[in-house]
Every structure is written in C-alpha cells, then in structure tokens.
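Each chain is listed here by its residues.
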Amino acid sequence: MSKKVRVRFAPSPTGGLHLGGVRTVLYNYLFAKKHGGDFLVRIEDTDQSRYVAGAEEYIFDTLKWCGLEPDESVQHGGNYGPYRQSERKESYRQYAEQLVKDGYAYYAFDTPEDLEKMRHDFKTDNNPSPQYDHTIRMKMRNSLTLSSDETQKLLAAGTRHVIRIKMPENETVSFTDMIRGEVKFETSLVDDKVLLKADGMPTYHLAVVVDDHLMEISHAFRGEEWLPSAPVHILLWKYLFGLENMPQWAHFPLILGPNGKLSKRDGAKYGFPVFAMNWNDPKTGELTEGFKEKGFLPEAFLNLLALLGWNDGGEQEIFSMEELIEKFSMERVHSAGAKFDYEKAKWFNHEWIKKSGVGSLESGVKTLLSQNGVTVSDDVLLEKVIELVKDRCTLLPDFVQHSSFFFKVPETLDVDAVKPKWNEDKKNFFVVYTEKLQTATEWNAIELENSFKELATEKNIKPGELQLPFRIMLVGGKFGPPVFNIAELLGKEETVIRIKNALLAF
Ligand code: GLU
C-alpha cells in the first residue's frame, strides 16, 4: 500500500449507536492500526432536521468505552479539521457550482408544491413514487429547462433553489469493492440527487465526497445500506477530481436479527440490547438498552462484533484486540448478512469474564454491589470473592447474586428447600460440626470439607444430603460457588454464626 492509510467513521448524530455502527468503527480501526494508518471520526451533521441533541457526545462516549479512540476528531483535533460538517459549510458550494459549470449538475427552482405535483402527475401503476430523474427533469423548473438569462435572473433575485446532479441516462458505473468485487450500477435507475440544499448546506452525497477528498481518505468503509448511494459518489469523484486518489471502497454486510435486518425494535421485542450503551431519546423519552449497562465487557463486545461478518479462517473465536489487529483483513469480511445471536453474544462475555484478571473486574463489581446496597469494606476479600465466582458469571450483574452474601448476611433463607428432608439427625450433625469448626486450627476449604465428610460418615448420613442445607445456611439460596470455599472466605466466626442462626430457622 503506497498511500498512507487514512480511514474514517462518518456518523450522523441522529441517535444511539447500533451494534452495526460500532462494528463499522471497529473494522475501520482494525484496518488503520494494522496498516499503521490514521482513523478519524467526522460528524456528518448537514441534515439539521435530523440532528438530535446529545447524540454526538454519546458517540464519543461509546468509542471511549470500547477503547476505539480516533486519531483525529472534533474531540481529538488533527490537521484536517473542522471535523464537523456543519462547520465546513462554506467549503462545499464552490464544488457544487463547479459541477454546474461543467454540465454535471444544474440549478433547480422547484417549490415544494411543484415537487408534490410532480409526484402526483407522474404517478402510474408501474411507477408509484416517481423520482426527479432523467425522465422527468426536462418537465421541471430548472436551469436545463429555463434560458440562461432566466436562470441568472432567478439566482440574482435570491430565489430559493437547490443544485442537483445530472445523472447520465445510459451509463454503467462500476467500482471494485474490497469485499464484493466488481459492483455495477445503471445510472438511468438513479435519480438526480440534491447536492446543495436551499439553505446552502450540502447533502450527504456532496459532503462525503468533498470531505473524503480534502481529508485524504484512502479507504472508505461503511455499511451495506450505503451501497445504493455509491454510483452517485463514484460519479462525483469522477466529475470533481477525475477519480484521482478516490478511496478504495468496502461495504460491510447487514447485521440480521431474528426476522431480517436487526432493528432497535428487535431489542425491545426479544429482550436483548441493540445499542452500545443506553440511549435516552430526548425527543420521545424512549430508553433503548445498551450492551454496557446490560453487563457486557467492552472486550467481549468488540470480540463478538469482530466476528459478525469476519473470521480468520480457523476455529479460534476469542480474540484480543492485539490479535484482531494482527489477523483482520478486509478480504475475509463476508458479503452475506451476519446473523446476530444473543446467546452467542453472552457466551463471548462469559469467556471474557473468565479470562479477565480480578483487578480489571474489581471496580465494576464494587460499583454494582454498592448500587445493590452491598458495601464492601474489605478489598482483599472482594478480590478473593471475584476470583472464586467469576467463572459463574455471564453478565456483570451476575456478580451481585454470586457475591453479595460474602459481605452481607442473607436477608432470607430458602427454608422450603431444606424443610422436606430436614430431621433431628441432620440438625445434630450441624450442632457437632459447629463445635468442631470452633476449635479448628486450619481454616481452608479442603480441611473444612474433610472434617464435614468424616463427621457425616461417622453419623451415617450421606454428605450430599447435608451440603444443600449448609449452602442455604451460608448463602440463603441454591446458588454460589462450592460451599466449602464460601465458608473459607466467610471465616470461622461468620460461618459459625450463620449456621447457628439458620438452625433456629429450620
Ligand atoms: N453519514 C453516513 C452515516 O450516517 C456515513 C456513510 C459513509 O460512511 O459514507 O452513516
């Protein structure tokens, strides 16, 4: 690769980041890091009607949580700014005017009523939603149908107008997509998109091409939903810059949910997160749940996203960031839609929790416990607890159930689970076991288990029948790590107190 690799993520700040959006960031990031390039974020906010307060901040917070920090952006600075398109407004008009001058675009003075009338008048059974295209443009009010004098007069009078691209009638536009190979489009099927709006703002189509050029983008990667726009972008590259230094393109596959394209609605319907982090829509007040708040580790989230559309050709499924950077290649990204499977997503998180060091989990678990009314005053104990229970936790909130009882006496005991098989012999066993514990010199899980089993044999009771009551005494319910490990961490005094209190309740 001769040219310096420069890639961009170009979100429009219109809402929360869907997992497909974060996957686009991730693939861009991996590609940039692999090739020693730059990864930048450009905020595409030219459509003021779709602007949503807080969405831009949310995007950067998400990137921070994921550890996918850009080299250049509104927040990170850089030599190609401004990185917010609304702040580049003035730079676009000259390109649009140039296109008009060269005959590739034209001024259109149609009012909203004219457009409405067009959609009505040209509507047929075969063409239920007519578009402003080569079949219709000569019947509208634009610089192609008006004389140049009339056009100049209208412009001089400040008449509201837009600039539209003049799509060629019968051309085939083709380009090589790094994932899909050669992609072809018939220009006659594409409408004359607006390039510059009446308010002087460029549309996405013009802005994306001008900015990719000015920011020296070497590769433009984005989701498949942008593929239909590609012929317009390729033509603009041709008309404005003679295709010189046009980025290489790749369009990532759709992410599929249980019924076709994964949507925000699927999340609510099937109870899984679809956004990276919780998103509170300021317009509707609706909350969409995020992977972060659901209890996913960023490492797991990125790992599962990496595999939604890519694999390294082998059996490996767990990849660290370093491995992904080393192994990722655009050629191994599939073109077919990638199915999102929430059970599999949880599996990734479980694997990452198991793999994570106690230190990296500690502050998160402590916060979760405190949110659930459990105060941790002994950090050394917390570390031991995390080590003991982490293999049982799939999502971070699972730590609450599996570790609260180490720091707080259970509020209730599942007496019903014990009652049916409880008898005097068992009660007597625990009375004697408690006495033994009080004089024990060694306090560790192995010793505790040995003396438990010895006493059970002596009393002629199956140890298996005594373990459930013991667990309920210490934990309150039928969950948690091995019971002797629990007793070891609780310590002698607390273990004895919990047994004695439980014996009164059973
Ligand atoms: N602004 C577009 C979006 O919202 C970016 C598409 C592109 O990367 O070209 O996703």
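The coordinates are above.
Novice: Looking at this structure, I do not really get the site of the ligand. What am I missing?
Specialist: In the vicinity of the ligand, the contacting residues are Arg8, Ala10, Ser12, Glu44, Tyr204, Val208, Arg222 and Trp226. Here a nitrogen atom of the ligand and a backbone polar atom of Ala10 are 2.8 Å apart. In the environment of the ligand, an oxygen atom lies 3.0 Å from a nitrogen or oxygen atom belonging to the side chain of Arg222. The site holding the ligand turns out to be the largest pocket.

Novice: What is the right way to look at the nonpolar core in this model?
Specialist: Most often, soluble globular proteins keep nonpolar side chains buried together rather than apart. In this structure, Met330, Phe340, Phe430 and Phe470 are the most contacted members of the largest nonpolar core, which totals 112 residues. Among the elements that line this core, the one with the most residues is helix α1 (residues 19–34), at nine residues. In this structure, Tyr95, Ala105, Leu196 and Phe241 belong to the second largest nonpolar core, which totals 38 residues.

Novice: Just to check I follow, could you spell out the environment of Glu424 for this structure?
Specialist: Within the element layout of this structure, Glu424 appears in helix α17 (residues 424–439). Distance in space between the C-alpha atoms of Glu424 and Phe328 is 64 Å, their sequence separation being 96 residues.

Novice: It is not clear to me how a negative patch on the surface should be interpreted in this structure. Could you clarify?
Specialist: Negative charge collects at one region of the surface, where Glu442, Glu447, Glu454 and Glu458 lie side by side. Along the chain, the position of Glu442 falls in the loop between α17 and α18 (445–459). For Glu442, a relative accessible area of 48% gives the class partly exposed.

Novice: Which parts of the structure should I look at to understand the packing of aromatic side chains?
Specialist: For any two aromatic rings, the description comes down to two numbers: the centre-to-centre distance and the angle of the planes. For the coordinates displayed, the defined rule picks out 39 aromatic pairs. Ring geometry for Tyr270 versus Phe272: centroids 6.2 Å apart, planes at 10°, classification stacked. Consider the rings of Trp310 and Phe319, whose centres lie 5.5 Å apart with planes at 65°: the pair is edge-to-face. Each of the two residues, Trp310 as well as Phe319, counts as buried. Put simply, the rings of Trp65, Tyr270, Phe272, Phe291, Phe296, Phe301, Phe340 and Tyr342 pair up and form one aromatic cluster. Above the ring of Tyr80, the side-chain terminus of Arg6 is found at 3.7 Å from the ring centroid. Positioned above the aromatic ring of Trp347 is the side chain of Lys344, whose terminal nitrogen or guanidinium carbon lies 4.4 Å from the ring centre.

Novice: Can you walk me through the environment of Glu315 in this structure?
Specialist: Residue placement: Glu315 occurs in the loop between α10 (298–306) and α11 (321–327). Along the backbone, Glu315 and Tyr342 are 27 residues apart, and their C-alpha atoms lie at a distance of 20 Å.

Novice: Would you take a moment to explain the pattern of salt bridges for this structure?
Specialist: Any two side chains of opposite charge can pair if their charged atoms end up close together. Scanning the entire structure with this criterion turns up 28 salt bridges. Among the salt bridges present, the one from Glu44 reaches Arg42, with a minimum N-O distance of 2.9 Å. With a relative accessible area of 5%, Glu44 lands in the buried category. Residue classification places Arg42 among the buried residues on the basis of a relative accessible area of 0%. Note that Glu343 and Lys346 form a salt bridge whose closest N and O atoms lie 3.5 Å from each other. Residue Glu343 and its partner Lys346 are both found in helix α12 (residues 342–355); the two are separated by three residues, about one turn of the helix. If you follow the salt bridges from partner to partner, you end up with Lys4, Arg6, Asp38 and Glu72 in one network.

Novice: Would you take a moment to explain the packing of helix α3 (residues 93–101) against helix α6 (residues 204–214) for this structure?
Specialist: When two helices pack together, their arrangement is given by the angle between the helix axes and the distance between those axes. One can describe the packing of α3 onto α6 by two numbers: an axis separation of 10 Å at closest approach and a directional angle of 110°. As the angle between them shows, α3 and α6 are arranged roughly perpendicular. In contact with Tyr95, Ala96 and Leu99 of α3, α6 contributes Leu206, Val210, His213 and Leu214. Here the contact of α3 with α6 is built from residues that sort into six nonpolar, one polar and no charged.

Novice: It is not clear to me how the sheet that holds strand β10 (residues 255–257) should be interpreted in this structure. Could you clarify?
Specialist: The strands that make up a sheet are held in pairs by hydrogen bonds between backbone atoms, and each pair lies either parallel or antiparallel. Taken together, the three strands give an open sheet; going across it, the order is β11-β10-β14, and neighbouring strands pair in mixed fashion. Where the open sheet ends on each side, the last strands, each with one partner, are β11 (260–261) and β14 (338–339). Across two bridges, β10 lies against β11 in antiparallel orientation. Bridging across to β11, Gly257 finds its partner in Gly260.

Novice: It is not clear to me how the sheet that holds strand β4 (residues 162–165) should be interpreted in this structure. Could you clarify?
Specialist: The antiparallel open sheet is built from three strands, whose spatial order is β3-β4-β7. Of all the strands in the sheet, the pair left with one neighbour each is β3 (105–108) and β7 (194–196). Going from strand to strand, the sheet's axes swing by 40° on average, the running direction of each strand aside. Where β4 meets β7, two bridges bridge the pair, whose relative direction is antiparallel. Bridging across to β7, Ile163 finds its partner in Leu196. Across the sheet, α3 lies against β3, β4 and β7, angled at about 105° from β3, the strand it touches most.

Novice: How should the pairing of strand β2 (residues 38–41) be read in this particular structure?
Specialist: Walk down a regular strand and you will see the side chains alternate between the two sheet faces. Of the two faces of β2, both are covered, the one formed by Asp38 and Leu40 as well as the one formed by Phe39 and Val41. Bridge analysis of strand β1 (residues 6–9) against β2 gives four bridges, and the strand direction is parallel. Each residue of the ladder has a partner; that of Arg8, found in β2, is Leu40. You can see the chain leave β1, run along α1 and come back into β2, and the turn it takes is right-handed.

Novice: Is there a simple way to think about α3 in this case?
Specialist: One full turn of an α-helix is made of 3.6 residues, so residues set three or four places apart face in the same direction. If you check which residues of α3 are buried, you get Tyr95, Ala96, Leu99 and Val100. Looking straight down α3, one finds that the buried residues subtend no more than 145° of arc, so they occupy a single side. Exposed and facing more than 90 degrees away from the buried side of α3 are Gln94 and Lys101. Against β3, β4, β7, α6 and α7 (230–241) lie the buried residues of α3. Immediately beyond the C-terminal end of α3, within one or two residues, lies Gly103, with a positive phi of roughly 85°.

Procedures and definitions
- Residues numbered from 1 in each chain as written.
- Predicted model: local features only at pLDDT ≥ 70, side-chain atom pairs only at ≥ 80, totals over all residues.
- Heavy atoms only, no water.
- Near = heavy atom within 4 Å.
- Polar contact = N/O pair within 3.5 Å; in protein donor to acceptor, adjacent residues only side chain to side chain.
- 1 Å grid on protein atoms, 1.4 Å probe; cavity = no way out; pocket = protein on both sides within 12 Å on 5 of 7 lines; lining within 4 Å.
- Sits in = over half its atoms within 2 Å of the grid points.
- Core = buried A, V, L, I, M, F, W, Y, C linked by side-chain atoms within 4.5 Å.
- Buried < 20%, exposed > 50% of the residue type's maximum accessible area, 1.4 Å probe, protein only.
- Helix = DSSP H or I, 4+ residues; strand = E, 2+ residues; numbered from the N terminus.
- Patch = residues over 30% accessible without salt bridge, like charges linked within 9 Å, V, L, I, M, F, W, Y side chains within 5 Å.
- Areas by Shrake-Rupley, 256 points an atom, 1.4 Å probe, with all protein chains shown as cover.
- Salt bridge = Lys/Arg side-chain N within 4 Å of Asp/Glu carboxyl O.
- Lys, Arg positive; Asp, Glu negative; His and termini not counted.
- Charge placed at Lys NZ, Arg CZ, Asp CG, Glu CD.
- Phe/Tyr/Trp six-rings, centres within 6.5 Å; stacked < 30°, edge-to-face > 60°.
- Lys NZ or Arg CZ within 6 Å of the ring centre and 35° of its normal.
- Axes fitted to C-alpha atoms, helices over the stretch in contact; angles between N-to-C directions.
- Parallel < 35°, antiparallel > 145°, perpendicular 65-115°, else oblique.
- Contact = heavy atoms within 4.5 Å.
- Nonpolar A, V, L, I, M, F, W, Y, C, P; charged D, E, K, R; others polar.
- Pairing = 2+ DSSP bridges.
- Right-handed = clockwise from strand over helix to strand, strands pointing away.
- Arc of directions from axis to C-beta.

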